[in-house]
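Here is what each chain is made of, one letter per residue.
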Amino acid sequence: MQALDLLLNRSSQPKLQSPAPQGQELETIMQAALKVPDHASLTPWRFIVCQGQGLHKLGELFYQAALTEGMSERDISRAKDLPLRAPMVMVAISEYCEHEKVPRVEQIASTSCAVYAMQLAAQALGFDSMWRTGAYAHSKSVKQLLGLKTDDEIIGFIYLGSTSTKVADKPKKQTENYFEFWN
Ligand SMILES: Cc1cc2nc3c(=O)[nH]c(=O)nc-3n(C[C@H](O)[C@H](O)[C@H](O)COP(=O)(O)O)c2cc1C
C-alpha cells in the first residue's frame, strides 16, 4: 500500500476477528511504534500485548477495577468480556520520565504517535484496528493493577485483528475549517 493512500484512507474498525498479526508482521507493527518522534530519546512507551489467555487476564483486571470502583451492575457484568472484542489488545502506556526539557504532555504525545503508527502499520499489512479508551483507561485501579505510577498514563487499548465488514467511508473534511495560513 502506498504511504499516502494509507494516510488518506485509513479507518478504524470496531468489529474485529481473527487473525491478529503474528510473527514477522507483528514485529513490523511493533517496530513502527518504536520509530516515532521522541524528544530527548526518553522512550516513554510501554505496551502489553494481550492475546489468548492474556485477553482473559485483562478482562479479569477490568472486572476487579469495576468492583473496586463501585461501577454499575451492567459495567461489572460486561467487564470480563470487553477485551474479547478482538483477538489481540495492546495496552499502550506512557511511562513518565522526569526531564527538565520534556514535559509529561510531550511524552504522552509521543506514545500517541506510537499508537497511531501501529494502527497504520497494521492497516498497511492488511489488518484492522480500533483505538479505545473508556473508563478503564482512566481508572486508578487499572493503573494500580498494571503496576503503573501516578504520572504514568494509559493512552489506549488498541484492538487488533481483521474484518470482513468494512465501515462506510466518512465524508471528507475541509482543510479550511482547521488550518489557517499566515503568509
Ligand atoms: C485517544 C482516543 C481514544 C478513543 N477511545 C474510543 C473509545 O473508547 N471508544 C470508541 O468507540 N472510539 C474511541 N476512539 C475513536 C476511534 O478510535 C476512532 O478513531 C473513531 O471511531 C473514528 O473512526 P476513524 O478512526 O475510522 O476515523 C478513540 C480515539 C482516540 C484518539
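Preceding block: the structure.
1. Re unusual backbone geometry
Here's step 1: Geometrically, the link from serine 18 to proline 19 is a cis peptide bond, its omega value of 5° lying close to zero.
Here's step 2: Look at serine 41: it is not a glycine, yet its phi comes out positive at around 50°.
Here's step 3: With respect to the helices and strands, serine 41 occurs in the loop between α2 (23–33) and β1 (45–51).
Here's step 4: On the basis of relative accessible area, serine 41 is assigned to the exposed category, the value being 58%.

2. Topic: the side chain of aspartate 152
Here's step 1: Its location among the elements puts aspartate 152 in the loop between α6 (140–145) and β4 (153–161).
Here's step 2: The exposure class assigned to aspartate 152 is buried, which follows from its relative accessible area of 2%.
Here's step 3: Engagement of the side chain of aspartate 152 in a polar contact is seen with the backbone nitrogen of lysine 149, the distance being 2.8 Å.

3. So, the site of the ligand
Here's step 1: Lining the immediate environment of the ligand, one finds Arg10, Ser11, Ser12, Met130, Trp131, Arg132, Thr133, Gly134 and Lys170.
Here's step 2: With respect to the ligand, the backbone of threonine 133 contributes an N or O atom lying 2.9 Å from an oxygen atom.
Here's step 3: Of the residues belonging to the shell around the ligand, the class tally is 2 nonpolar, 4 polar and 3 charged.

4. Observations regarding the sheet that holds β4
Here's step 1: Strands sit in the order β1-β2-β4-β3 across an open sheet of 4 strands; the sheet is antiparallel. Of all the strands in the sheet, just β1 and β3 (128–132) have a single pairing partner and so form its edges. This sheet shows a mean twist of 20° between the axes of neighbouring strands, independent of strand direction.
Here's step 2: Alignment of β1 against strand β2 (residues 88–94), held across 7 bridges, turns out to be antiparallel. For cysteine 50, the partnering residue across the bridge sits in β2 and is valine 89.
Here's step 3: Across the sheet, helix α3 (residues 53–68) lies against β1, β2 and β4, angled at about 110° from β1, the strand it touches most.
Here's step 4: Each of β1, β2, β3 and β4 is contacted by helix α5 (residues 104–124), which is oriented at about 0° to β4, the strand it contacts most.

5. Quick word on the side chain of glutamine 123
Here's step 1: In this fold, glutamine 123 is placed in helix α5.
Here's step 2: There is a polar contact of 3.2 Å between the side chain of glutamine 123 and the backbone nitrogen of serine 11.

Conventions used here
Residues numbered from 1 in each chain as written. Predicted model: local features only at pLDDT ≥ 70, side-chain atom pairs only at ≥ 80, totals over all residues. Heavy atoms only, no water. Helix = DSSP H or I, 4+ residues; strand = E, 2+ residues; numbered from the N terminus. Buried < 20%, exposed > 50% of the residue type's maximum accessible area, 1.4 Å probe, protein only. Polar contact = N/O pair within 3.5 Å; in protein donor to acceptor, adjacent residues only side chain to side chain. Near = heavy atom within 4 Å. Nonpolar A, V, L, I, M, F, W, Y, C, P; charged D, E, K, R; others polar. Pairing = 2+ DSSP bridges. Axes fitted to C-alpha atoms, helices over the stretch in contact; angles between N-to-C directions. Contact = heavy atoms within 4.5 Å.

As far as function goes, none of this settles anything; it's purely spatial.
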